[in-house]
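# Structural description and commentary
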Amino acid sequence: MADISQRVNEVLQERARKQHEQQWGAFINEYPINLLFPASVKAKDKTRKLKTNKDLINARLLENGILFEDLQSLPQLQVGVAQVVENLTRTGCFESVELQIGKNEDDATHPHRLDVILQEKNWYSLYIGGGFKHEGFEESLNSPSKLPKAQFECSAAFPNLTGHLDHTQFKYTLDQTATSAFYFSHEKPLYAWLPDQDGALVESL
């Protein structure tokens, strides 16, 4: 008899647990979030100044479905947050991207705020080395008179140089015949909001 009573209690407890999970899930799905605009964008390391343009980050948030100063359910917000993290991580400008929802004590109309915490990568990377030219390499293997040309290479890359998720690269090569080559590229997103002055500077480079 005791076994039957214990079994009944276990069934009732399991049923109550499932009902509680369903009620909690329904509450979460319907819980409204009203975020203050703009989001707070800051560096993970408080001792370092953030290079990334904050307006551009807020534009990325809007593009990925983050609604500001309007009601949005928590699941909808979670989808947008995941898309923003993936989007910013793919740029190659950050070591880590974190989005946190906090309370906004100063504005009762918008009780929540969104914090974007960025850990930017080092502002440059440098490579100095040497190798062989690939041009005519197969021919040189078939012909003893044509040897592959050795070359010296020096390159530098600057991610997020202007703070608009751009990539700048310099490359200089010099082969054994004293033939030199210089390569420069600057790539930025089409929708980057560059001021006229910065844009003129980039073009002049």
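Residues numbered from 1 in each chain as written. Predicted model: local features only at pLDDT ≥ 70, side-chain atom pairs only at ≥ 80, totals over all residues. Heavy atoms only, no water.

### A look at the sheet that holds strand 8 (residues 167-175)
Pairing is antiparallel in the open sheet, where four strands are placed in the order 6-7-8-9. The open sheet has two free edges, formed respectively by strand 6 (125-132) and strand 9 (180-187), since each of these has just one partner strand. Averaged over all adjacent pairs, the angle separating strand axes in this sheet is 15°, with direction ignored. (Pairing = 2+ DSSP bridges. Helix = DSSP H or I, 4+ residues; strand = E, 2+ residues; numbered from the N terminus. Axes fitted to C-alpha atoms, helices over the stretch in contact; angles between N-to-C directions.)

### A short note on the packing of aromatic side chains
Applying the stated criterion across every chain yields a total of four aromatic pairs. Each ring, one from Phe37 and one from Phe68, has its centre 5.1 Å from the other, and the planes form 70°; the classification is edge-to-face. Of this pair, Phe37 sits in the loop between strand 1 (32-34) and strand 2 (40-43) while Phe68 sits in the loop between helix 2 (54-63) and strand 3 (71-73), placing them 31 residues apart in sequence. Using a relative accessible area of 38% as the deciding quantity, one classes Phe37 as partly exposed. Measuring from centroid to centroid gives 6.5 Å for Phe170 and Phe182, while their planes differ by 40°, and the two rings are tilted. Residue Phe170 is found in strand 8, and its partner Phe182 is found in strand 9; the two are separated by twelve residues along the sequence. Of the residues examined, Phe182 reaches a relative accessible area of 59% and is grouped as exposed. A network of ring pairs unites the aromatic residues Phe158, Phe170, Phe182 and Phe184 as a single cluster. (Phe/Tyr/Trp six-rings, centres within 6.5 Å; stacked < 30°, edge-to-face > 60°. Buried < 20%, exposed > 50% of the residue type's maximum accessible area, 1.4 Å probe, protein only.)

### With respect to the nonpolar core
Counting residues in each nonpolar core, the largest one holds 24 residues, and the members touching the most others are Leu61, Ile66, Leu88, Leu99, Leu114, Val116 and Leu118. Sorting the residues of this core by element identifies strand 2, helix 2, helix 3 (74-90), strand 4 (94-103) and strand 5 (112-120) as the ones contributing at least two each. Here this core gets five residues from one element, more than from any other, and that element is helix 3. Excluding anything up to four places from it in sequence, Leu114 contacts Leu35, Ala39, Ser40, Leu61, Ile66, Phe68, Leu99, Gln100 and Ile101. (Core = buried A, V, L, I, M, F, W, Y, C linked by side-chain atoms within 4.5 Å. Contact = heavy atoms within 4.5 Å.)

### So, the confidence of the model for the protein
Mean pLDDT over the protein: 79, with 77% of residues reaching 70 or higher. Mean pLDDT per element in the protein: helix 5 (residues 196-204) is the minimum at 38, and strand 2 is the maximum at 94. (pLDDT = per-residue confidence, 0-100.)

### Observations regarding helix 3
For helix 3, built from 17 residues, the straight-helix expectation of 24 Å at 1.5 Å per residue is met to within 8% by its first-to-last C-alpha distance of 24 Å. Within helix 3, the full set of buried residues consists of Leu74, Leu77, Gly80, Val81, Val84, Asn87 and Leu88. Considered in projection along helix 3, the buried side chains sweep an arc of 145° and stay on one side of the axis. Phi for Gly92, located one or two positions after helix 3, is positive at around 75°. (Expected span 1.5 Å × (residues − 1). Arc of directions from axis to C-beta.)

### Digging into helix 2
What helix 2 keeps buried is the set Leu56, Ile57, Asn58, Ala59, Arg60 and Leu61. If you follow the buried residues of helix 2, they end up packed against strand 2, helix 3, strand 4 and strand 5. Its side-chain oxygen placed 3.0 Å from the backbone nitrogen of Asp55, Asn53 serves as the N-cap of helix 2. Where helix 2 ends, the next residue or the one after it, Gly65, has phi of about 90°, a positive value. (Polar contact = N/O pair within 3.5 Å; in protein donor to acceptor, adjacent residues only side chain to side chain.)

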